[in-house]
Amino acid sequence: MPGNDCSNPMPIACGDCFPGNTYGYTNSHNCGYGHDGTDRLFELLIPYEQEVRIVGEADFDADWTLATVCDPVVGDLFCDDFGGIQTDPTCSSLTHNDYGYWEFTQVLTPGLYYIWVDSWAIELEGNFVLEVLCIDPTPTPTSIPTNVPTATPTATPTDVPTGSPSPTPTPTPLNPTVPATGPVGLLLLIGAASMMLRRRKRD
Ligand SMILES: [Ca+2]
Ligand SMILES: [Ca+2]
Ligand SMILES: [Ca+2]
């Protein structure tokens, strides 16, 4: 019978939501607390380190085991009657037994893990749902170096004209017919003109 004991565990993977039952299974495992009844075994492969959340519920008094080895008595990560915060698996429509649920979250290193859906007493069987959710580790943010000097843009050389420079234009005199007088010359002209006027008055 697939998943009855360590000779034939049933694979379950991250993201799986598995509805099943324990009818017809035998008692192959008891890690020490409850676990006296029939049980069903799943094998979970964790390919790389991630946070794994396992949610289970059953309509009978199911007990739960998570172990790093497949063994009739080992439940080194979890071995209990029920545990965690009761949560409905996403694919479940069961009404859970008050002692038949399990919620477990832990970061697991890569490897094979074994989940037993067990039962409290030998005569207990029933329906269960087991769901495995895995969350990839948050990437560690690479430290952003502060004060990174901004690269100074290299000056793009402008095109230097190769032709001969244009000749500097000769400034054109404003009024070439009038000789440059300057302030002194202007005073002399005024003086000469006034003298002529005076002479004319005398004549
Ligand atoms: Ca058992
Ligand atoms: Ca079994
Ligand atoms: Ca239980």
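For every chain, the first residue of the written sequence is number 1, and numbering continues from 1 along that sequence. Going through the entries in the order they are written, you letter the chains from A and number the ligands from 1. Where totals are concerned, whole chains, interfaces and linings use all residues; where local detail is concerned, this predicted model gives features only for residues with pLDDT of at least 70, and gives and counts side-chain atom pairs only at 80 or more.

Participant: Give a description of the sheet that holds strand S9 (residues 127-135) that names residues and reports values.
Facilitator: If you trace the four strands from one edge of the open sheet to the other, you get S2-S9-S4-S7, paired in antiparallel fashion. Each of the sheet's edge strands pairs with one partner strand only, and the pair in question is strand S2 (17-21) and strand S7 (101-108). The mean inter-strand angle of the sheet, taken between neighbouring strand axes irrespective of direction, is 15°. Two strands pair under a simple rule: DSSP has to find at least two bridges between them. Segments assigned H or I by DSSP are reported as helices when at least four residues long, segments assigned E as strands when at least two residues long, and all are numbered from the N terminus. Of the pairings in the sheet, the one linking S2 to S9 comprises five bridges and is antiparallel in character. Residue pairing across strands places Cys17 opposite Glu131, the latter belonging to S9. Whenever a helix is involved, its axis is fitted only over the stretch in contact; in every case the axis is a line through C-alpha atoms, and angles between N-to-C directions fall within 0 to 180 degrees.

Participant: For the environment of Leu133, give the residues involved together with the corresponding values.
Facilitator: The topology assignment puts Leu133 in strand S9. Leu133 sits 117 residues away from Asp16 along the chain, and the two C-alpha atoms are 7.4 Å apart. Think of it this way: build a C-beta for each residue from its backbone, and any pair within 7 Å is a contact. Not counting residues within four places of it along the chain, the set of residues in contact with Leu133 comprises Cys14 and Arg53.

Participant: Would you mind going over the confidence of the model for the protein in detail, with residue names and values included?
Facilitator: Within a predicted model, pLDDT stands for the predictor's per-residue confidence, ranging from 0 to 100. Here the protein shows a mean pLDDT of 85. Residues at 70 or above account for 71%. Counting interchain partners and residues more than four positions distant, the pLDDT-below-50 stretch residues 176-180 has zero contacts.

Participant: Can you break down the pairing of S9 residue by residue, with the values?
Facilitator: In summary, the side chains of a regular strand alternate between the two faces of the sheet. Pairing of strand S4 (residues 50-58) with S9, which is carried by eight bridges, proceeds in the antiparallel orientation. Within the sheet, the bridge partner assigned to Ala58 lies in S9 and is Phe128.

Participant: Break down the nonpolar core for me, with residues and values.
Facilitator: A set of buried Ala, Val, Leu, Ile, Met, Phe, Trp, Tyr and Cys residues, joined to one another through C-beta atoms within 7 Å, is what we call a nonpolar core. Partly exposed residues are those whose C-beta has more than 12 but fewer than 20 other C-beta atoms within 10 Å; 20 or more makes a residue buried and 12 or fewer makes it exposed, with C-beta atoms placed from the backbone. Ile115, Val117 and Leu130 are the most contacted members of the largest nonpolar core, which totals 26 residues. At the level of secondary structure, the elements contributing two or more residues to this core comprise strand S3 (40-46), S4, strand S5 (62-67), S7, strand S8 (111-119) and S9. It is S8 that provides the largest number of residues to this core, a total of five residues. Other than its neighbours up to four places away in sequence, Ile115 contacts Ile12, Phe42, Leu44, Ile54, Thr65, Leu66 and Leu130.

Participant: Report on the sheet that holds S5, specifying residues and quantitative values.
Facilitator: The sheet built from five strands is open, its strands ordered S1-S3-S8-S5-S6 with mixed pairing. Each edge of the open sheet is held by one strand with a lone partner, namely strand S1 (10-12) and strand S6 (78-80). Across the sheet, the mean angle separating the axes of adjacent strands is 25° when strand polarity is ignored. Here S5 pairs with S8 via six bridges, running antiparallel. Among the inter-strand pairings, Thr65 is bridged to a residue of S8, identified as Trp116.

Participant: Give a description of unusual backbone geometry that names residues and reports values.
Facilitator: Comment: phi is negative for the bulk of residues other than glycine, and the bulk of peptide bonds are trans. At His35, a position not held by glycine, the phi torsion is positive, near 65°. By the secondary structure assignment, His35 is in the loop between S2 and S3. Here His35 falls in the buried class, since 24 other C-beta atoms lie within 10 Å of it.

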